[in-house]
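Each chain, letter by letter, is given below.
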Amino acid sequence: MDHLRRMPVPDATGPDQIFQRALTNGEIVLPRCDDCGAYHFFPRVLCPHCHGTAISWHPASGKGRVHTTTVVRQKPERGGDYNVCVVELEEGVRMMSRVEGIAPGDIVIDMAVTAFVGEAEGQPAVLFKPVEV
Amino acid sequence: MTTKLRGKSAIVGTGHAGFGEAHGLTAYDVMAQSALAALGDAGLKLSDVDGLFCTMMEDSMPALMAAEYLGIQPRFIDGTMTGGSSFVNYLTSATMALEGGLCDVALIVYGSNQRTASGRLVTASRPPAYEAPYNPRYPISAYAMAAARHMHEFGTTREQLADVAVAARAWAQHNPEAFERGPLSREDVLGARMVGDPLTVRDCCLVTDGGGAIVMVRADRARDFPKAPVYVLGSAAESSHRQISQMKDFTVTAARESGARAFAAAGVSPSDIQAVELYDAFTINTILFLEDLGFCAKGEGGAFVEGGRIAPGGVLPVNTNGGGLSCVHPGMYGIFTVIEAARQIRGDAPGIQLKDVDLALAHGNGGVLSSQVTAILGSQNTL
């Protein structure tokens, strides 16, 4: 599975490829089932809610809330502490990510966040930043 | 397992090997020593085994490797990998295989040398593709996020989490087989190195070597063995997700379903259980499983474990060997919940032996709160 998301192939139609190609273009798209109307994540060839197979792709609103969060503690010489969290998007799907632009320990459950395309492990990835109040 | 299988199979031997550090031994060596110990306990030989139930962290065909290593050619084999719950899960498949006549002597076996081989928890698989880029430290990050959510929703405190570790240590202090037996206070747990907020290193299980094995036969033969048989009264599994980001409710595990069905199959309820052996890889696990298995209401697990209530002399004996937190945790702990439950019923528990145990519960957890398997074990009196 890992190699699929690493190498988006132009014009390829697999769900991982569609999602990754959009990220490479700086866009976040989410799969939605045409039959039941529910979004899902991760990308797949069927809807996990109603098991329909008519899946279409839609730009994500980018609006989300931190569902839960942790600080991975790491010695400074190995890169220091960092955040890992699960965000629930307005579309009702959840994804693992991290919130940037704020100390990892200051990220709290229910915090409003906005998605952007950043970089993780040298590849385009969905990241979040706190919503400015 | 349905009521059709209630009491149809029995554990007639348990064994273990390599607890703590098994220097110079491979994981399969520890597995084999465990098998011999359990068969010896049952008065059987390896050549009697015709059903093998095994998985390991080592490679992709561990049951085949185990059979080859042991020099046996089983006619029934099950290597279903549901993480640390696998071995509790095998109680069901072994019962079905025995009852169906597919084998006569079932050996459930596991071994690991992960402490001396690597010194850290080894996971059998890499994080899934949509989680890996964020570098979660598995499995700790997953359990830390479940703990954070439980604290957020129910006001569970770090002190209550710490009390789970303190209780486990209190049991372990009486168990000569336990790896960690030194004193441990709530302050020690809270003041220990934070590894994944809100969990400190003392909220996390041990990393040890160790193996375990269980021998099972059909109930009609079970009284012909040296030790008192321990009957499988009910067992059930439920799988809810693989990736922690896909867990629907971080505060409710599929133990709610596995537990309800295991209790229904056994025809008993939580208040009947005299010894509770849970998969305590992290302190939050014990709280979640006590709630989901019905020993207390959802959200009340923190208060339930507070101040020694699951420690020796408390209201409910939980993880009477010291658990994965203080006794042994070689990567997959599930088989040790069954072994301790069986020994409490037989009356030969290595640490504190509870009085007249007829009913005990063993609960396995696999993945990142993903696979839940519950078994209810009982003495002859419960048939």
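Rules used in this analysis
- Residues numbered from 1 in each chain as written.
- Chains lettered and ligands numbered in written order.
- Predicted model: local features only at pLDDT ≥ 70, side-chain atom pairs only at ≥ 80, totals over all residues.
- Heavy atoms only, no water.
- Helix = DSSP H or I, 4+ residues; strand = E, 2+ residues; numbered from the N terminus.
- Rg over C-alpha atoms; globule rule 2.2 N^0.38 Å.
- Buried < 20%, exposed > 50% of the residue type's maximum accessible area, 1.4 Å probe, protein only.
- Contact = heavy atoms within 4.5 Å.
- Areas by Shrake-Rupley, 256 points an atom, 1.4 Å probe, with all protein chains shown as cover.
- Lys, Arg positive; Asp, Glu negative; His and termini not counted.
- Charge placed at Lys NZ, Arg CZ, Asp CG, Glu CD.
- Expected span 1.5 Å × (residues − 1).
- Arc of directions from axis to C-beta.
- Phe/Tyr/Trp six-rings, centres within 6.5 Å; stacked < 30°, edge-to-face > 60°.
- Buried area = accessible area lost by both parts, 1.4 Å probe.
- Salt bridge = Lys/Arg side-chain N within 4 Å of Asp/Glu carboxyl O.
- Polar contact = N/O pair within 3.5 Å; in protein donor to acceptor, adjacent residues only side chain to side chain.
- Nonpolar A, V, L, I, M, F, W, Y, C, P; charged D, E, K, R; others polar.
- Patch = residues over 30% accessible without salt bridge, like charges linked within 9 Å, V, L, I, M, F, W, Y side chains within 5 Å.
- Axes fitted to C-alpha atoms, helices over the stretch in contact; angles between N-to-C directions.
- Pairing = 2+ DSSP bridges.

K.L.:
Mind showing me how you'd approach the overall build of chain B here?
P.N.:
When helices and strands are tallied, chain B shows twelve helices and eleven strands. In summary, chain B has a C-alpha radius of gyration of 19 Å against a globular reference of 21 Å for 383 residues, a match within 12%. Projected onto the principal axes, the alpha-carbon positions of chain B cover approximately 50 × 40 × 40 Å. When each of the 383 residues of chain B is scored for burial, the buried share is 64%. The long-range fraction of contacts in chain B, counting pairs at least 24 apart against all pairs at least 6 apart in sequence, stands at 77%. In the structure as shown, chain B presents an accessible area of about 12700 Å², 50% of it carried by carbon and sulfur atoms. With 29 positive and 38 negative side-chain charges, chain B shows a separation of 1 Å between the mean positions of the two kinds.

K.L.:
Got a minute to help me understand helix α8 (residues 255-266) of chain B in this structure?
P.N.:
Given 3.6 residues to a turn, an α-helix orients residues that are three or four positions apart in the same direction. All names here are of chain B. The end-to-end C-alpha distance of α8, which contains twelve residues, comes to 16 Å, matching closely the 16 Å that a straight helix rising 1.5 Å per residue would cover. Considered for burial, the residues of α8 that qualify are A255, S258, G259, A262, F263, A265 and A266. Looking straight down α8, one finds that the buried residues subtend no more than 160° of arc, so they occupy a single side. At its buried positions, α8 is contacted by β8 (230-239), α9 (283-292), β10 (359-366) and β11 (371-378).

K.L.:
Sorry, what's going on with the packing of aromatic side chains here?
P.N.:
Here the distance between the centres and the angle between the planes together describe a pair of aromatic rings. Residue and element names in this part refer to chain B. What the rule picks out here adds up to 13 aromatic pairs over all chains. Seen from their ring centres, F53 and F76 are 5.7 Å apart, and the 35° between their planes marks the pair as tilted. Of the two residues, F53 is situated in strand β2 (residues 51-54) and F76 in strand β3 (residues 76-78); the sequence distance between them amounts to 23 residues. On the numbers, 6.4 Å between centres and 70° between planes, the contact of F263 with F295 is edge-to-face. In this pair, F263 is assigned in helix α8 and F295 in the loop between α9 and α10 (301-305), connecting sequence segments 32 residues apart.

K.L.:
Help me understand the interface of chain B and chain A in this model?
P.N.:
Quoted interface sizes are often the accessible area lost when the parts come together. Taken together, the contact between chain B and chain A spans 27 residues of the former and 35 residues of the latter. Taking both sides of the interface into account, the surface hidden between chain B and chain A amounts to around 2700 Å²; carbon and sulfur atoms contribute 56%. Sorting the residues of chain B by area buried against chain A places Y130(B), Y134(B) and M145(B) first, and these three jointly supply 32% of that buried surface. The tally of links between chain B and chain A comes to one salt bridge. Of the charged contacts in the structure, one is a salt bridge between D197(B) and R73(A), with a shortest N-O distance of 2.7 Å. The tally of links from chain B across to chain A stands at 15 residue pairs in polar contact (both at pLDDT 80 or more). Of all the secondary structure elements, the ones that give two or more residues to the side of chain B that touches chain A are α5 (140-154) and β5 (194-196) of chain B. Top element by residues in the side of chain B that touches chain A is α5(B). It accounts for six residues. Class assignment for the residues of the side of chain B that touches chain A results in 14 nonpolar, seven polar and six charged.

K.L.:
Is there a simple way to think about unusual backbone geometry in this case?
P.N.:
Glycine aside, residues mostly have negative phi angles, and peptide bonds mostly take the trans form. Residue F42(A) is reached from F41(A) by a cis peptide bond, and omega for that bond is 15°. Note on placement: F42(A) falls in the loop between β1 (29-33) and β2 (55-59). Cis geometry is adopted by the peptide bond preceding P139(B), which originates at Y138(B) and carries an omega value of 5°. Along the polypeptide, P139(B) turns up in the loop between α4 (114-117) and α5. Notably, D110(A) is not glycine yet its phi reads approximately 80°, a positive angle. Position of D110(A) relative to the elements: it lies in the loop between β5 (94-97) and β6 (112-120). What makes D110(A) partly exposed here is its relative accessible area of 39%.

K.L.:
Sorry, what's going on with a nonpolar patch on the surface here?
P.N.:
On the surface, a nonpolar cluster with roughly 290 Å² of combined accessible area is contributed by M61(B), L64(B) and I77(B). With respect to the helices, strands and loops of the structure, L64(B) is situated in helix α2 (residues 62-70).

K.L.:
How should the packing of helix α3 (residues 86-99) of chain B against helix α12 (residues 334-346) of chain B be read in this particular structure?
P.N.:
To characterise two packed helices, one gives the angle between the axes of the helices and the distance between these axes. Residue and element names in this part refer to chain B. For the pair α3 and α12, the least separation of the axes is 6 Å and the interaxial angle reads 65°. Across the interface between the two elements, F87, V88 and L91 of α3 pack against G334, I335, T337 and V338 of α12. Looking at the contact of α3 with α12, its residues break down into five nonpolar, two polar and no charged.

K.L.:
Please clarify how the sheet that holds β3(B) should be interpreted in this entry.
P.N.:
All names here are of chain B. Taking strand neighbours across the sheet as the criterion, the nine strands line up as β3-β2-β4-β7-β1-β8-β11-β10-β9 in an open arrangement whose pairing is mixed. Whereas interior strands pair on both sides, the edge strands pair on one side only; in this sheet they are β3 and β9 (275-277). Adjacent strand axes in the sheet meet at a mean angle of 20°, parallel and antiparallel pairs treated alike. Bridge count between β2 and strand β4 (residues 106-112): four bridges; the pairing is parallel. Within β4, the residue paired with F53 across the bridge is I108.

By themselves these figures say nothing about function.
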